[in-house]
Structure formats: C-alpha cells, structure tokens
Amino acid sequence: MSILRVENLTKTYSSGSGPLTVLHNVSFEIQAGDTFSIVGPSGSGKTTLLGLCAGLDRATSGSVYLNGIRLDNLSEDERAAVRNQHVGFIFQNFQLLPTLTALENVMVPMELQGARNVEKTALDLLDRVGLAKRSHHYPTQLSGGEQQRVSLARAFANRPKILFADEPTGNLDTDTGDTVEALLFDLNREAGTTLVLVTHDLELAQRTGRILKMRGGAVVDQLVNERMSD
Amino acid sequence: MNFLFRMAWRDSRRSRQRLLLFMSAIVLGISALVGLNSFGDNLARSIDAQARELLGADLVLSYAKAIPKPTEDYLKKIGKNRTYEVSFASMTLFPRTGGVRLAQVKGLDGPFPYYGEWEVQPRSAVEQFRQAAARNERVALVDDALLIQFGAKPGDSVRLGTQLYFIAGRVLKTPGQSAVTTSVAPTVFVAAKSLPETGLLQRGSRIQHRYYYQFAKGQDVADFVKANEARFDKVGINQDTVESRKQQTGRSFADLTRFLNLVAFVALLLGCVGVASAVHLYVKEKVASVAVLRTLGASGRQAFLIFLIQTALMGLVGAIVGALAGSLVQLLLPRVFAGFLPVTVETAISWSAVAQGVGVGLLVAVLFAMLPLLTIRNVSPLRTLRASYEDDTAGRDPFRWAVYGLIVLFVMAFSYWQTRDWKVAVGFTGGLLAAFGILTGLGLLLINGVRRFFPRHWSFVWRQSLASLYRPNNQTVILITSIGLGAFLIATLTLTQNLLLDRVAFSGGEGGSGRPNMVLFDIQNEQKAGVRALVDRYKLPVVQAVPVVTMRLASINGRSVEAIQADTSAKIPEWALTREYRVTYRDSLIDSEKLTAGTVQANAGNMPAITVEKDYLSRMKLKLGDTLTFNVQGAPMATVVSGTREVDWNRVQTNFLIVFPNGVLEQAPQFQVLMTRVSNTEQSAAFQRELVSGFPNVSAIDLGLILRTVDEILQKVSFVIQFMALFSILTGLLVLASSVIISRYQRMQESVLLRTLGASRRQILWIQAIEYLMLGVLAALSGVILALGATWGLAYFVFETPFRPDLLPLLAVLAVVTVLTVLIGLFNSRAVLVRPPLEVLRAEA
C-alpha cells in the first residue's frame, strides 16, 4: 500500500533576479513500512522536497498524496491536521520547544489530538529513549544527544504512519550520532512506521531500503538497497 | 481549549517576569484611572454625606434687585432660624501695612452656618464675632488669603468705607467654599448692622442680598420651594437648596474628574503602545516555537490563542496591580485637589472604580497586544527546516486593520463615556491620533535621516551609537512616541499657562503704553471732580471716563419680558431678560468697537436710537429697527435698535452690550467709570490708599490684581493637570526601561562581540550613553515641537493673542526628560557592562 506518492513535483520561488526553480518534476512512491532516504549535496533540493512531502509547504505544480490524502488542495490548517494525525518529525537542530520540559515536549502532539492523560505514554516513550529520569528538565538543561532523543520520543508520540527525519545526526558527534541513529531505526522498526530520511551521510542512507539521489533540484538516480532488500 | 490554557501556562513559565514587565507599562495608566475614579466616587459620597454643610443651611434665597415690600417681609418669616447676608465688592485697606485691594464684603446678621463649621484662627474668634455683631460692634473675620497678601494678622484693623474694623480672626474655610473661590474673591465678614455707617451701601453698588434658613425638623424644604417657586421667580429671587447645591457641586466635580480621566487614559494608551512594542519583540522570539507547534499540527488559530491567552493573563495581572496602586493613589488626590474641594473627602476603596479599571486595562492591553500577535497566525512551519526562511509575518493582514479600527472605536467610546459629548470624543480621538501620528512620523524621519545622512567619518563610538537607532528591533519610534507624548503634555501645560497670563497682561499693560491698566468704578456724580483731581495729582492719564446707567429690560417690540419668559418657543436666554443692564451713552464708537451693521444715530423717529453688540442681537433674535423698552430705575424708556457693533472684550476697559445716544440719559441716576494707567505697583498702591481714604465707595481694580488672581488659579489648576501628566512621563520612562530590558539580550550579544574584538568597557558605555542621549533629546524635542505647534494653535485660534513662548521651561523639560532617559537606559544596561564576555558566550551556547 502506498503511503506517499509524489507526482511531477515542481517548486519555484520568485527572487529579485526572476523565478528560481529549486525542484524539477520529481516523482516517486513509497510503500507503507519502507525506509527511504533522500541524498544529495547542499542546495540539491532535498530539504525542499521533504518539506513538500510532509505538507509543510505547497508545491508550484505537481501533487503529493500522503496516506491517500492529496495535500496540494488543502489549506495550511488542514495540512496541520494531517501532520498531527499521520506524520512525525525529527530535525537536525532538534526543534524542541525551549519553554517546555522534556516530558511536556513529548506530550504536545498527543495533546494537540485532544488526548487526555497522556503523561504516562510520554513517560514510557522517554523511558524508551533512556531519559525517564530527565523528564522534567528543560531543553537548555540537556545535551545535544539528549535533546535529539527527546525529539525521537516526541516524533513517535502520536503513532505516526510516516516519519520524516532531516539530517537527524547532523548536529551530533559521531558516538552520540551512532546512538541516536540506532535508536531511530529500532523505534521505527518496533512501530512499523515508514521512515523518510534526508541526509548527505551516505553511510546512514545505506541503512534505508531505497535511496533517492538528487542534484540541482532533480532526481538523478533511484537505488534499491540490495543489502536491505535481501 | 484546556490544551491551549495548559500550553499558555507552560510556555509562560520561563518568560513570566518579562511578560509582567511588558504589562507594567499599563500599571501607571490604570492606577491613574482607578485613582481618579475612586476619588470621584468618594468625593460624590462625601458631597452626599456633607451636603448640608455645603450650603450651611436648608435653603438659601438670594436677590440682587429691589423686591416688593410684602415679599421682603415674607422672607423675614420663613424657617425656624434665619441669617441675613448683604454682600458687595469694596476696597479694603489694612492701615498697619498699608495694603489695599478690592475684596468681597459680607455683612451677616444671624448665626450662619447652621450646618458645618467655620474654620477660623483663633477658634474663639467666631464667638467673639457673633457677640460683637449682636452688640453692633465693628469686628471682622478676614480670609486667610487677604491677610497673607498684606502681611496683616488678627488683632490688626481693616478699613471698610469710612470705618475701621477690628480683625478678630483669620478665616481658613467657610461651609461650601474652596481655596479657589477665596483666591478669586477674598472676603471680609462683618456684622450686617454695622455696614450703613461705612457709607458703602450706596446707589450704584452691586449689592447681593441673601437669606440662609434653617427649617424645623420634619418640614419639607422641597415642598416649600415648590409652593413658592413662582412667586420668587417673578421678583428675581434665586433658590438654592441642599439638593440643588449637591447636584451642582457633584456635576462640576464629575466634569473635572472626567476630563482628568482622559489625561489618565492618555497615559494608559501610551503604556499600551509600550505593550504592543514589547509583545512585538516577544513574538519575534517565539516565532521558532510557533513554527515547531505548527509542524506538530497546531493550527494558526491555536498558536495565536496560546499567546493571546498569555498576554491577556499578564494584562489582567497588570490591570489588577494598577487598580490596587490606583486605590493607593487616590489617598494622595485629596491633597492634589486641595484648592478645589468644598468638602472633606473620606477615602475608601471604590470597587466599581477598581472593576472598571481592570476591565478597561485588560481590554485595551489585549487590543494593543493583538497587533503583533496576529502575525503568529501566519508563521510557516517551514521555518523548522530553514533558518533563513523568507519573512512570512510581514504581509498585509486585513485583521490588522480590523484591530486598528477596534482600537480607534474603543478610544472614541471611552472618551464619549467620560465626556458624554460626541464632538469632544471625536476631537479627543482625532487629536490623539494626530499626536501619535506626528510623533511616529518624527521617529521614522529620524531613523531614515540617520540612515541616509550617516556620518561615515565620525568616530567608531558615535557611528555605533547612531547605527543602533535604526538597527533591527530598534525601539526608536516607540520611545519617541511614548516619551515624546509625555513631554508634549507637560510642555503644552506650561506654555498654555504662560499664554493665558500673557493674554491677561497684553489686554492691559503690554498692549501699548496708551492702554489703561486700572479701572475705577462706582464714582458717584458728586465725586467725579474729586476723583479727577486725585488722578491729576498723581499725574495719571484719564484714558476714558464713562458714565454708566443701570436699567432693566421691560419689553421687546411691545411684548413684555414676562410674556416672553412664559413663551417656551421664544428661545431668548433668561439672563438677557432678567439681568441688570449697565449701559453708557455717547455718539461715537471707541477703538475697541467696529460698526458691523446699521448706523450710529441719535434718534429713529421719535425714539432714541441705540446700538447693540453683534452677538447680543442674534442671541436676542432681534433685527435692526426693533424696539426695546427699558425700565430706567422706574421710568420706562422705549428705544430703537439702529446698529450693531463688534466689540473686543479682551481689554481692561469698559465695553457695553447696549450704547445709548447722547442727550437721553444725562439726567438719570448714574455713576462713572474712569480708566487710567499707573506706571508701577508702588504708584498703584499709593494711589489706591488715597482713593479709599477719600472716596471709600469707589472701587479700583488694577491689572496686577487680575494677573495675580489668574496666576493663583492657573497654578492650582496646572498642578492638578501636571500631576496627571506625570503618569504619562513615568509611563514613557517605564516603556523605556522595559524596552531596554527586553532588548538587553541582543545588546549583550553585540557588546560581548565588541568586547571580544577588543572594545573597552568605556567605549561600550559611551556607545550606550550616546544612543540614549539621542533618544532622550529627540523624544523630548519632538514633544516640545508638538507642544509649540499646539499652543500656537491655541493662541491663534482660541485666545487670539500673539504667541511668545517662554523658552526657559521648555529647556527644563528637554533637560529633565533627556537626563532621565539616559539614566534609566544606562541603569538597565549595566548588566552588559559588568558581565564577562565568556559568561555570555557560554549562556548563548
């Protein structure tokens, strides 16, 4: 079953020197439960593509179907509801709410769905990422690796169907990065979530089932990871 | 909804201090409003409670013209107890010090007041006065203001007419009288029975008769008045009851507090502009968090509501703190208003004023905070992916205009609520918008000016300071608006006060050396030669000598005054029908008059032709050729209106509504008014002393006296308004302090970087000091420039007098506001200077 279908996606920004197309006619499809990475050098359009797939932005032309819902016809608030129901996020710079504790950060996606008594679930998730004892700490009181682990817990809190991760280890040292990476794949496997990863770390990309290579806003190659498919 | 409140609560935890700081800007405005309203409520209650003391009696009847004998007899039978009072203006002379001035003389016969007490020093003087009055001895009680002016004291004597009176005590307060009334007309109280001997109760004197009555318990005063109203009205007797005095006093103070409420409201609005600016910075910081929330699925509305709830709660806290502070401020107000209060005000917390203040504060803070908060709805979740995302918060937003509209409507509704006058409400809102607009314009002009003509060759310190006036997140416009508006209020008050004094001075002394600055009136026919001789002996010029005849209007075009009074459709003002007219006669116009219609002629047909003042003609619904019949002290005299005159009333000289031709009134009972010009105060005093000795019934009024009286009143009024304007200035400084604290982090980062690159503390200090100096000078200067414009407008359009601003007080406003701005700015930036760079860099990491 297709969880994400992208058809002829083009994104053009208007700039002082005329229109600037950062994404040309991109098409691909991801099945539920797949792991998928988008790789390419800086400025290749991979983050733009991620933003469009996750419904954070609207394409100039083309369509995105997320869990069968066509995103390009929806308003920003309607897309926000789709994100809240079906999508999880992990960012390179963690993006925790600085004024909330670790526990509250994890609770937010569930509370936005209107769920009650979510503290226990949030604590379990923090426990799963090894931070149960630091649940009442604020982001500024946590190290980078810890912040990203809270971010992981938050990403899985609303039981998303698809998880988008933008350079999840990009701001971490190698050892911490490895720990977070392992945790990400473990949690993903346990939850059976589809994972879409944006990275220029080819080693990390090698851990996903399919790799989409981009350059200059266009797809230059789509690879199936033989090792993963075995 | 619960989630929104929970999020608002959680998110505010780490910013509560700062949020409270934003809201502190409204505290002063609210406290001024609540203080005034509480004071107004307490005053109304005190007036209610002390209503009888305001009047000193149950009923007061007064009249100025002769009344029929049976009515006079009837007045002597009303009530259980009664006191008769006769009052008029007369010269008073204090022989020991030689002081002389026009004062009010009140002759009492009876134990007034029946309610309330005289405040007299020594206390025994009242009893001494009453006993002496009963024995017909010449004992006086004199107003404190009059004694102070001439350095006189109890034990001295005062001369009224031909008689000397022993001063038994100084009067600090009489029932219902405030310090301002005593400034205008200081009084000498004597026994009524002693007055005939003074020779002052002569023809021509404007004498007022008054009866104070105490009714027996259970007798209804209202019923009595109702039963006698028609009879009293017919002969021109005014009735004043406790109820009517209470309403009249209450109304005038309600008007005063409402006007001052508008001044307080300006302080509140200033605070709100500060709130909007602070929330703007706060929202800028929160944009990243909003983007995360949006990414996680929060709608624009939810994100907006989270922060709206936060600011509303803080606004509520600010309003409550303001209301509590206001309840304390009201304790000060009886002292501020001391000169005006006719009653002793009992202070207590007014819960309605508190509720009103909290409501208004919350509403207006939310309205102003809404402007920056609206941008939250448009924050894109894409910001989570891209740090340098194009600005999604700067676009045009129709809701923004809706909020602007709501703010204007609110201001207008509030001012209408206070003044109950749409014209004033629209004028106030328009004026406020203009002031805000001009100050904002000046701020923007400054930013663009500095940017455009940036002095690239100046030293680093200066360039850095000037650049901070237009750097991102600068507070230039908001500070120039808020501090400038405060400076504008203070400067306008000072300038207007001086303008009014100048106007009085110009109308006399400075209006040209030929203009009179002293008026002698009530000169009887037989005194004319003697007064003239005295004037000549002092080598004073006779600028004008004018005969004055008193008369009353009897009919208009054959229709009697009574018939016109009874006709409700006539719409002719009552005062014009019943007043005593003082007219003169001459065949030409004087230099303060201009003929606007008709002619100046002796007769029209077989009747004398009169000219009337232009506005009088329209108010009386008259036209040229109409007939006015006057009662000239018993003799009817029919006249024809042959012309109208435009009169410049702003001169120390006699001007008349009605002028008769020569050859008609020469034989009628009359007195003379003589205008002259004295060169200095010594000459004026010496001349008045001799005048009062030789001609005790003749009164003199000089420009010095008018100036002194106007000055005293203005000082009292301006103190009250300055007290209120202080709230605006303080709010401006609070906005400054909070904006410095809010932008401190940014400043700290900049300063740390500068220090890392080798800047000394001294250089950093100078950079900051120069920036605040520029802000202070420019804010104060903007306010002063605006004040000059506003006062010029007042001078030109309202007072029609030349505007010569006194620069000294303006320089004082400029200096004080600037120094305060620099001090507050530097005090709040001290953390930037004292913290080591590494600490800040670590904190940032």
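Criteria and cut-off values
Residues numbered from 1 in each chain as written. Chains lettered and ligands numbered in written order. Predicted model: local features only at pLDDT ≥ 70, side-chain atom pairs only at ≥ 80, totals over all residues. Heavy atoms only, no water. UniProt positions renumbered as here; feature names shortened; annotations may be inferred. Axes fitted to C-alpha atoms, helices over the stretch in contact; angles between N-to-C directions. Helix = DSSP H or I, 4+ residues; strand = E, 2+ residues; numbered from the N terminus. Parallel < 35°, antiparallel > 145°, perpendicular 65-115°, else oblique. Left-handed = near helix turned anticlockwise from the far one by under 90°. Contact = heavy atoms within 4.5 Å. Nonpolar A, V, L, I, M, F, W, Y, C, P; charged D, E, K, R; others polar. Pairing = 2+ DSSP bridges. Patch = residues over 30% accessible without salt bridge, like charges linked within 9 Å, V, L, I, M, F, W, Y side chains within 5 Å. Areas by Shrake-Rupley, 256 points an atom, 1.4 Å probe, with all protein chains shown as cover. Salt bridge = Lys/Arg side-chain N within 4 Å of Asp/Glu carboxyl O. Lys, Arg positive; Asp, Glu negative; His and termini not counted. Charge placed at Lys NZ, Arg CZ, Asp CG, Glu CD. Buried < 20%, exposed > 50% of the residue type's maximum accessible area, 1.4 Å probe, protein only. Domains from an automatic or database assignment. Buried area = accessible area lost by both parts, 1.4 Å probe. Polar contact = N/O pair within 3.5 Å; in protein donor to acceptor, adjacent residues only side chain to side chain. pLDDT = per-residue confidence, 0-100. Expected span 1.5 Å × (residues − 1). Arc of directions from axis to C-beta.

As annotated in an unreviewed UniProt entry, chain B carries the name FtsX-like permease family protein and comes from Rudanella paleaurantiibacter. Looking at the Subcellular location (unreviewed entry) heading of the UniProt record, one finds this comment for chain B: "Cell membrane".

As annotated in an unreviewed UniProt entry, chain A carries the name ATP-binding cassette domain-containing protein and is attributed to Rudanella paleaurantiibacter. Its UniProt record gives chain A the following Sequence similarities (unreviewed entry) comment, quoted word for word: "Belongs to the ABC transporter superfamily. Macrolide exporter (TC 3.A.1.122) family."

Caption draft 1: Quick peek at the packing of helix α3 (residues 102-112) of chain A against helix α5 (residues 144-157) of chain A. All names here are of chain A. In the contact formed by α3 and α5, the axes pass within 8 Å of each other and the chain directions differ by 20°. Taken together, the axes of α3 and α5 lie roughly parallel to each other. Handedness of the α3/α5 crossing: right-handed. Residues Ala102, Asn105, Val106, Pro109 and Met110 of α3 pack against Val150, Ala153, Arg154 and Ala157 of α5. Looking at the contact of α3 with α5, its residues break down into seven nonpolar, one polar and one charged.

Caption draft 2: Molecular detail of the sheet that holds strand β7 (residues 162-166) of chain A. Residue and element names in this part refer to chain A. Pairing is mixed in the open sheet, where six strands are placed in the order β6-β7-β8-β3-β9-β10. Every other strand in the sheet has two partners, leaving β6 (87-90) and β10 (218-224) as the edge strands with one partner each. When the angles between neighbouring strand axes are averaged without regard to direction, this sheet yields 15°. Summarising the sheet, β7 and strand β8 (residues 194-199) pair through five bridges and their orientation is parallel. Its bridge partner being in β8, Asp166 is matched across the sheet by Val198. Each of β6 and β7 is contacted by α5, which is oriented at about 175° to β6, the strand it contacts most.

Caption draft 3: Inspection of a negative patch on the surface at higher detail. Together, Asp173(A), Asp175(A), Asp178(A) and Glu203(A) give the surface a local cluster of negative charge. You can call Asp178(A) partly exposed: its relative accessible area is 42%.

Caption draft 4: Broad picture of the domain arrangement of chain B. All names here are of chain B. The domain boundaries assigned to chain B delineate domain 1 (1-51 + 258-420), domain 2 (53-248), domain 3 (436-511 + 705-845) and domain 4 (512-704). One C-alpha centre belongs to domain 2, the other to domain 4, and the line joining them spans 29 Å. At the interface, 19 residues of domain 2 touch 19 residues of domain 4. The contact between domain 2 and domain 4 buries some 1600 Å² in all, and 54% of this surface belongs to carbon and sulfur atoms. At the boundary of domain 2 with domain 4, the tally comes to zero salt bridges. Here domain 2 and domain 4 share one residue pair in polar contact (both at pLDDT 80 or more) between them.

Caption draft 5: Summary view of the sheet that holds strand β2 (residues 18-31) of chain A. Residues and elements named next belong to chain A. Pairing in this open sheet of four strands is antiparallel, and the strands run β2-β1-β4-β5 from one edge to the other. Looking at strand neighbours, the two that pair on one side only are β2 and β5 (69-70), the edges of this open sheet. As paired elements, strand β1 (residues 2-15) and β2 share 10 bridges and run antiparallel to each other. By the bridge assignment for β2, Arg5 is matched with Glu29.

Caption draft 6: Expanded view of the side chain of Lys286(B). With respect to the secondary-structure elements, Lys286(B) resides in helix α9 (residues 242-295). Each residue touching Lys286(B), except ones within four places of it in the same chain, is listed here: Thr99(A), Asp11(B), Ser15(B) and Phe307(B).

Caption draft 7: Here's a closer look at the interface of chain B and chain A. Between chain B and chain A, the residue contacts involve 29 residues of the former and 33 residues of the latter. Three residues stand out in chain B for area buried against chain A, namely Arg14(B), Leu296(B) and Leu385(B), and they jointly supply 26% of the buried area on that side. At the junction of chain B with chain A, the criterion picks out six salt bridges. Of the charged contacts in the structure, one is a salt bridge between Glu104(A) and Arg13(B), with a shortest N-O distance of 2.4 Å. Inspection of the region where chain B meets chain A yields 13 residue pairs in polar contact (both at pLDDT 80 or more). Elements that contribute at least two residues to the side of chain B that touches chain A include exactly α1 (2-12), α9 and α10 (300-336) of chain B. Its residues placed into classes, the side of chain B that touches chain A shows nine nonpolar, 10 polar and 10 charged.

Caption draft 8: Examining the packing of helix α13 (residues 422-452) of chain B against helix α23 (residues 761-798) of chain B more closely. Residue and element names in this part refer to chain B. Between α13 and α23, the shortest axis-to-axis distance is 10 Å and the interhelical angle comes to 135°. Considering their axes alone, α13 and α23 lie oblique with respect to each other. Viewed along their axes, α13 and α23 form a crossing whose handedness is right-handed. Residues Ala435, Ile438, Leu439, Leu442 and Leu446 of α13 form the contact with α23, whose participating residues are Leu778, Ser782, Gly783 and Leu786. Residue composition of the contact of α13 with α23, by class: seven nonpolar, two polar and no charged.

Caption draft 9: Geometry of unusual backbone geometry. Residue Pro113(B) is reached from Phe112(B) by a cis peptide bond, and omega for that bond is 0°. Following Gln121(B), the chain continues to Pro122(B) via a peptide bond in cis, the omega torsion being -10°. With respect to the helices and strands, the residue Pro122(B) is situated in the loop between β4 (119-121) and α5 (125-134). At Phe94(A), a residue that is not glycine, the phi angle is positive and equals roughly 65°. By the secondary structure assignment, Phe94(A) is in the loop between β6 and α3. Notably, Glu167(A) is not glycine yet its phi reads approximately 45°, a positive angle.

Caption draft 10: View of the pattern of salt bridges. Scanning all chains against the criterion turns up 35 salt bridges over all chains. Across the pair Arg138(B) and Glu197(B) runs a salt bridge, and its minimum N-O distance is 3.3 Å. Of this pair, Arg138(B) sits in the loop between α5 and β5 (139-143) while Glu197(B) sits in the loop between β8 (187-191) and β9 (208-214), and the two are 59 residues apart along the sequence. Note on Arg138(B): relative accessible area 33%, which makes it partly exposed. Where Glu580(B) meets Arg582(B), a salt bridge forms, and the shortest distance between an N and an O atom there is 3.9 Å. One salt-bridge network, in which partners are shared between bridges, spans Glu76(A), Asp77(A), Arg79(A), Arg83(A) and Arg294(B).

Caption draft 11: Focus on the confidence of the model for chain A. In this model, chain A carries an average pLDDT of 89, and 98% of its residues clear a pLDDT of 70 or more. Of all the helices and strands in chain A, helix α8 (residues 226-229) of chain A carries the lowest mean pLDDT, 58, while strand β4 (residues 61-66) of chain A carries the highest, 94.

Caption draft 12: Quick peek at helix α24 (residues 807-828) of chain B. Residue and element names in this part refer to chain B. The end-to-end C-alpha separation of α24 is 32 Å, in line with the 32 Å expected for 22 residues at 1.5 Å each. For α24, every residue scored as buried is listed here: Leu810, Val813, Leu814, Val817, Thr818, Thr821, Val822, Gly825 and Asn828. Down the axis of α24, the buried set is contained in an arc of 150°. They therefore lie on one face. For α24, the exposed residues set more than 90 degrees away from the buried face come down to Leu808, Leu823 and Phe827.

Caption draft 13: Geometry of the pairing of β8(B). All names here are of chain B. By the criterion of burial, β8 is predominantly enclosed, with five of the five residues buried. Bridging between strand β3 (residues 99-109) and β8 involves five bridges; their strand directions are parallel. Within the sheet, the bridge partner assigned to Leu108 lies in β8 and is Ala191. Pairing geometry for β5 and β8, over two bridges, is antiparallel. Pairing of Val142 across the sheet is with Val188, part of β8.

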